[in-house]
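Breakdown of the fold
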Amino acid sequence: MGAHPIPLESPPPDGRGLLSRILKIGGRPEEGHDERVSRQTLVLGGILMSGGGLLWGALTLALGLVSASIIPLGYVLISVVNLSVLAWTRVFPRARTVQVLISLLLPFIFQAVLGGFVNSGGVMLWAMIALVGSLTLSSARQSRVWLLVYIAMTLLSGMFDAEFAAQAALRSTPGYQRLFFVI
């Protein structure tokens, strides 16, 4: 009449089984601890930032900005392809380069399409996540390259911000700007 013990080999009742499978994407038996942590960070970062891409894509579609939605939804598509190729080939350096590159460049491009820094709610700040992640994922030399790319993109954004605002598809109101900054 007592409780039946749960067999030790039963799968966890929560999402830990899925998380375990996600963390194994692109893994190789001979990889060291540092490479495994970097690969897992890349996979989780790509998935989390794709969530942001889905959010921004849905928001721009809801605002009728179909052409602008291509950028964040394109990020999601490229991430899915990149992580799928990583799972298939298990070549981490290539996957890392693709993921960090799109994570740095696409927010700046999206910001320009939305009308610059203020009109977009500073969407290029999302690229800082990629920059910080690249410090974990890359060598010191590679991190310097990514930092220089980020600085160059920030300077270009500042130099052309007025032009981006003048040609924006969305005439951003203070309410939209506040919403975009909160997101």
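Scope of this entry: the structure provided in the associated data block. (Residues numbered from 1 in each chain as written. Predicted model: local features only at pLDDT ≥ 70, side-chain atom pairs only at ≥ 80, totals over all residues. Heavy atoms only, no water.)

Points about the nonpolar core
Formed by 18 residues in total, the largest nonpolar core has its most connected members in Leu42, Leu86, Leu104, Phe108 and Tyr150. Those elements that provide at least two residues to this core are α2 (33–62), α3 (66–89), α4 (92–114), α6 (127–137) and α7 (140–166). Here the element with the most residues in this core is α4; it accounts for five residues. If we skip the residues at most four places from it in the chain, Leu86 touches Ile25, Gly26, Arg39, Leu42, Val43, Val91, Phe92 and Ala95. Counting residues in hydrophobic clusters, the runner-up holds 13 residues, among them Met49, Leu59, Phe110 and Val123. (Core = buried A, V, L, I, M, F, W, Y, C linked by side-chain atoms within 4.5 Å. Buried < 20%, exposed > 50% of the residue type's maximum accessible area, 1.4 Å probe, protein only. Helix = DSSP H or I, 4+ residues; strand = E, 2+ residues; numbered from the N terminus. Contact = heavy atoms within 4.5 Å.)

Side note on the layout of surface pockets
Each pocket or cavity is described by its volume, and for the largest pocket that value is around 180 Å³. Contributing to the lining of the largest pocket are 15 residues, with Thr41, Gly45, Ile129, Gly133 and Leu137 lying nearest its centre. Sorting the residues of the lining of the largest pocket by element identifies α2, α4 and α6 as the ones contributing at least two each. Among the elements that take part in the lining of the largest pocket, α6 stands out by supplying six residues, more than any other. A class-by-class count of the residues in the lining of the largest pocket yields seven nonpolar, eight polar and no charged. (1 Å grid on protein atoms, 1.4 Å probe; cavity = no way out; pocket = protein on both sides within 12 Å on 5 of 7 lines; lining within 4 Å. Points joined across faces, edges and corners; volume = space filled by probe spheres on them. Nonpolar A, V, L, I, M, F, W, Y, C, P; charged D, E, K, R; others polar.)

Side note on empty space enclosed by the protein
The gaps of empty space that remain are located by a probe, the size of a water molecule, rolled over the atoms. Following the criterion strictly, the structure yields one cavity of 30 Å³ or more and no others. Here the largest cavity defines a volume of roughly 170 Å³. Those elements giving two or more residues to the lining of the largest cavity turn out to be α2, α3 and α4. With four residues, α2 is the largest single contributor of residues to the lining of the largest cavity. Looking at the lining of the largest cavity residue by residue, the classes come out as 10 nonpolar, two polar and no charged.

Quick look at the packing of α6 against α7
Their axes nearest at 9 Å, the elements α6 and α7 cross at an angle of 165°. Between α6 and α7, the angle is such that the two are roughly antiparallel. The interaxial crossing formed by α6 with α7 has left-handed handedness. Seen from α6, the contacting residues are Ala127, Met128, Leu131, Ser134 and Leu135; seen from α7, they are Ser143, Trp146, Leu147 and Tyr150. When its residues are assigned to classes, the contact of α6 with α7 shows seven nonpolar, two polar and no charged. (Axes fitted to C-alpha atoms, helices over the stretch in contact; angles between N-to-C directions. Parallel < 35°, antiparallel > 145°, perpendicular 65-115°, else oblique. Left-handed = near helix turned anticlockwise from the far one by under 90°.)

A look at a nonpolar patch on the surface
Among the surface-exposed residues, Leu147, Leu148, Ile151, Leu155, Leu156, Met159 and Phe160 lie close enough to one another that they form a single nonpolar patch of about 670 Å² accessible area. With respect to the element layout, Leu156 can be found in helix α7. (Patch = residues over 30% accessible without salt bridge, like charges linked within 9 Å, V, L, I, M, F, W, Y side chains within 5 Å. Areas by Shrake-Rupley, 256 points an atom, 1.4 Å probe, with all protein chains shown as cover. Salt bridge = Lys/Arg side-chain N within 4 Å of Asp/Glu carboxyl O.)

Overview of the packing of α3 against α4
The description of two packed helices rests on the angle between their axes and on the distance between the axes. Direction vectors running N to C along α3 and α4 enclose 180°, while the axes themselves pass 10 Å from each other. The angle between α3 and α4 falls in the class roughly antiparallel. Residues Ala68, Ile71, Pro72, Tyr75, Ile78, Ser79, Asn82, Leu83, Val85, Leu86 and Thr89 of α3 form the contact with α4, whose own contacting residues are Phe92, Arg94, Ala95, Val98, Gln99, Ile102, Ser103, Leu106, Ile109, Phe110, Val113 and Leu114.

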